[in-house]
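For reference, the chains in residue letters:
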Amino acid sequence: MENMTETLKMTARDVSVFYGAKQAIKSVSIDIDMANVTAFIGPSGCGKSTFLRTLNRMNDTISGARVEGRIELDGEDIYASSMDVVQLRARVGMVFQKPNPFPKSIYENVAYGPRIHGLAPAKADLDRMVESALRKAGLWDEVKDRLNESGTALSGGQQQRLCIARAIAVDPEVVLMDEPCSALDPIATAKIEELIHELRGRYAIAIVTHNMQQAARVSQKTAFFHLGTLVEYGDTSEIFTNPREERTKDYITGRYG
Ligand SMILES: Nc1ncnc2c1ncn2[C@@H]1O[C@H](COP(=O)(O)OP(=O)(O)O)[C@@H](O)[C@H]1O
Ligand SMILES: [Mg+2]
């Protein structure tokens, strides 16, 4: 564990989330590091998405949602009033369950972030960034001759890789994915899982999945949530073969879920 502090990217400490009077997350502490993909698993409604959204302040957009506790990115409190939330969401990008490309061209979907963040001074820079992001997302060869076609005309799996390209175009440090494959067929799912392997190490990655085989395949760390609490967090291999908690064992053996 010697290099742990070096690779630590985000820390959450005693994080609770409320929707009005209802508490959806109860005092969760977790680390997200650069070297590992972290999977959030647990039955529907246990708070996986809610917790994931705290990591780039997407809960800010939900009226009545309130976050307590402390979340740091590189040691900086992301809920501090001095934090620029637009900047934060570029540093901590997000990919959603249902692919949601903008109703714009493939090129414009990816160019959008670099443009609004002023990362590309000239058209040639922007072209290079768009190509680089599409290559990292494993989509370039499929779309390089049709960059001006609408992003929404792509297949579901391609749309999701386009959304990943859009997130990584601004060179984030962390990529959050909320059940990114749940709307995809098995072949498109396999492509996304392969992509996650390739992106590992370049970005800190946290992925919500209700598919335990997927968690076992793509992650090195697993966090098991149940009823808003973090029941168990550790090496994926340990969680799946030798869980410490009875509730984890029941879940991974399919007793509930
Ligand atoms: N926008 C919201 N307003 C009120 N309650 C919500 C909202 N989003 C989620 N919840 C509630 O918070 C709990 C956790 O939900 P969620 O984070 O979506 O779980 P999961 O992603 O694990 O399925 C659930 O009880 C859900 O009904
Ligand atoms: Mg969810």
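Conventions we followed
- Residues numbered from 1 in each chain as written.
- Chains lettered and ligands numbered in written order.
- Predicted model: local features only at pLDDT ≥ 70, side-chain atom pairs only at ≥ 80, totals over all residues.
- Pairing = 2+ DSSP bridges.
- Helix = DSSP H or I, 4+ residues; strand = E, 2+ residues; numbered from the N terminus.
- Near = placed C-beta within 6 Å.
- Axes fitted to C-alpha atoms, helices over the stretch in contact; angles between N-to-C directions.
- Parallel < 35°, antiparallel > 145°, perpendicular 65-115°, else oblique.
- Left-handed = near helix turned anticlockwise from the far one by under 90°.
- Contact = placed C-beta atoms within 7 Å.
- Nonpolar A, V, L, I, M, F, W, Y, C, P; charged D, E, K, R; others polar.
- Buried ≥ 20, exposed ≤ 12 C-beta atoms within 10 Å, placed from the backbone.
- UniProt positions renumbered as here; feature names shortened; annotations may be inferred.

**Q** Got a sec to walk through the pairing of strand β4 (residues 65-73)? Specific residues and values, please.
**A** Across 8 bridges, strand β1 (residues 8-19) lies against β4 in antiparallel orientation. The residue of β4 that forms the bridge with S16 is E68. Note that β4 and strand β5 (residues 76-77) share 2 bridges and pair antiparallel. From the neighbouring strand, L73 faces β5, where its bridge partner is E76.

**Q** Can you break down the site of ligand 1 residue by residue, with the values?
**A** For ligand 1, the full set of nearby residues is Y19, A24, G42, S44, G45, C46, G47, K48, S49, T50 and I62. Ranked by residues supplied to the shell around ligand 1, first place goes to helix α2 (residues 48-54) with 3 residues.

**Q** Talk me through the packing of helix α7 (residues 156-168) against helix α8 (residues 186-199); I want residue IDs and the actual numbers.
**A** Two elements in contact, α7 and α8, have axes whose closest approach is 9 Å; the angle formed by their N-to-C orientations is 20°. Relative to α8, the element α7 is oriented roughly parallel. As α7 runs across α8, the sense of the crossing is right-handed. Along its contact with α7, which presents G156, G157, Q160, R161 and I164, the element α8 presents A188, K191, I192 and L195. Of the residues belonging to the contact of α7 with α8, the class tally is 4 nonpolar, 3 polar and 2 charged.

**Q** Outline unusual backbone geometry, supporting the account with residue identities and numerical values.
**A** Positioned with a positive phi, E179 is a non-glycine residue whose angle comes to about 45°. For E179, the position within the fold is in the loop between β7 (174-178) and α8. One non-glycine residue, L227, adopts positive backbone phi at about 50°. The topology assignment puts L227 in the loop between β9 (221-226) and β10 (229-235). With 13 C-beta atoms counted inside 10 Å, the residue L227 sits in the partly exposed group.

**Q** Explain the packing of helix α4 (residues 106-116) against helix α5 (residues 123-136) residue by residue, including any values.
**A** Where α4 meets α5, the axes come as close as 9 Å, and the angle between the chain directions of the two elements is 115°. Between α4 and α5 lies a crossing of right-handed hand. Listed contacts from α5 to Y107, V110, A111, P114 and R115 of α4 are L126, M129, V130, A133 and L134. When grouped by side-chain class, the residues that make up the contact of α4 with α5 number 9 nonpolar, no polar and 1 charged.

**Q** Any chance you could break down the environment of E68 for me, citing the residues and the numbers?
**A** Considering the arrangement of structural elements, one finds E68 in strand β4. Non-local contacts of E68, meaning those with residues more than four positions away in its chain, are made with V15 and S16.

**Q** Describe the sheet that holds β4, and please don't skip the residues or the numbers.
**A** Where strands meet in a sheet, backbone hydrogen bonds hold them as pairs that are either parallel or antiparallel. What the 4 strands build is an open sheet, ordered β2-β1-β4-β5; its pairing is antiparallel. Looking at strand neighbours, the two that pair on one side only are β2 (22-33) and β5, the edges of this open sheet. Two elements, β1 and β2, share 8 bridges in a ladder whose sense is antiparallel. Paired with V15 across the strands is V28, a residue of β2.

**Q** Kindly report on the UniProt feature "domain: ABC transporter" (unreviewed entry) in the protein, identifying the contributing residues and their values.
**A** As recorded in UniProt, the sites labelled "domain: ABC transporter" (unreviewed entry) are residues 10-252. Secondary structure within residues 10-252 divides into 37% helix and 27% strand; the distance between the first and last C-alpha atoms comes to 26 Å.

**Q** Any details on the sheet that holds strand β8 (residues 204-208)? Residues and values, ideally.
**A** The strand order across the open sheet formed by 6 strands is β6-β7-β8-β3-β9-β10, and the pairing between neighbours is mixed. Two strands bound the open sheet, and with one partner strand each, they are β6 (92-95) and β10. This sheet shows a mean twist of 15° between the axes of neighbouring strands, independent of strand direction. Two elements, β7 and β8, share 5 bridges in a ladder whose sense is parallel. Bridging across to β8, M177 finds its partner in I207. Sheet strands in contact with α7 are β6 and β7, and its direction is about 170° off that of β6.

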